[in-house]
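Summary of the model geometry
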Amino acid sequence: MNDDQPDSENSTIRGHEPATDSPPQKKGLLRKFGPIGLLLLYLFSKLKYLGIILQIGKFKTFITMLVSIWAYAMFWGWSFAAGFVALLFIHEMGHVAALRMMGIKATAPMFIPFMGAVIGMKQMPKNAFAEAVMAYGGPFLGTVGAIICAVIGLLTGNPFWYALAMSGFLLNLFNLLPISPLDGGRIIGVISPKLWIVGLIGAIALFYYTWSPIVGLIIIMGSLQIYSSSKQSAAEKSRYYTVTPGKRIGMGLAFLALLAVTSIGMLAMQIPLDNLQRYGSISPEKPENNHSLIRIR
């Protein structure tokens, strides 16, 4: 990519041979392409600025959201894909809100199809408790989003919202798995980094059950995190992980509470969806209620 400014007269036809035709032939070229064609040529000559535009936070978030919706829609349909990406966005904004509470700037979310979404921090948290607060914000707000979907499902009787709520609870429950780089691993780090080994064992069991490549990647990253932590000096660990007992207990209780809410919420959403599959209605007492047969897709 050449960053030099193009010549004013040739910026729209870069890469072509120098013009040597007679004036009448130039006019024929203009007639051939027309004003729209010349406009497209001009836009293509400026495509080198597209990468710069996409680096702006809002554009990056918007474009990657659209790509993720398109990718999920191939399997779940457009409406469910849009709802699922919205729940991912709410989850990530929980992290952003927690970081701002601590005075740490964060980048706009970037979505990665079938991997979720990520944000970047402008600076590292001061200690393990600050990191735990940042991590907790995501599944907390994400669970609130899932609860809202469940309430809409209760009010409307539409199974779409039950399915979306269940996916939200499952998403946040999975993120609470106590292994880094998941949120659960960052949260329990304030209690004891040794608990990452428990999370690693759980992730291995989950991989054996699902053979999910995403879980496999998490196992690799979690193992590297445990290895890196073991190489830290005692002074480094003491400086970062020294937290008052009250904060440890508080974060531990908050973690268990969120774990309970997401687990119960997921199981509760499974009941009407099972009823729909067995009886053709979310409520077995009212199988004649045809509006409950709305397809999720």
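To start, this report covers the structure provided alongside it. (Residues numbered from 1 in each chain as written. Predicted model: local features only at pLDDT ≥ 70, side-chain atom pairs only at ≥ 80, totals over all residues. Heavy atoms only, no water.)

1. A look at helix α4 (residues 78–101)
- Taking 1.5 Å of rise per residue, the 24 residues of α4 would be expected to cover 34 Å, and the 35 Å separating its terminal C-alpha atoms lies within 8% of that figure.
- G103, located one to two residues past α4, shows a positive phi value of around 80°. (Helix = DSSP H or I, 4+ residues; strand = E, 2+ residues; numbered from the N terminus. Expected span 1.5 Å × (residues − 1).)

2. Here we look at the packing of helix α8 (residues 195–210) against helix α9 (residues 213–230)
- Remark: α8 packs on α9, axes separated minimally by 9 Å, with the N-to-C direction vectors making an angle of 160°. When the axes of α8 and α9 are compared, the pair comes out roughly antiparallel. Crossing geometry of α8 relative to α9 is assigned as left-handed. The residues of α9 that touch α8, namely those facing W196, I197, L200, A203, I204, L206, F207 and T210, are V215, G216, I219, S223, Q225, I226 and S229. (Axes fitted to C-alpha atoms, helices over the stretch in contact; angles between N-to-C directions. Parallel < 35°, antiparallel > 145°, perpendicular 65-115°, else oblique. Left-handed = near helix turned anticlockwise from the far one by under 90°. Contact = heavy atoms within 4.5 Å.)

3. A short note on the side chain of T64
- Looking at the secondary structure, you find T64 in helix α3 (residues 57–76).
- Classification of T64 as buried rests on a relative accessible area of 15%.
- Of note is the side chain of T64, whose polar atom sits 3.2 Å from the backbone nitrogen of F111. (Buried < 20%, exposed > 50% of the residue type's maximum accessible area, 1.4 Å probe, protein only. Polar contact = N/O pair within 3.5 Å; in protein donor to acceptor, adjacent residues only side chain to side chain.)

As far as function goes, none of this settles anything; it's purely spatial.
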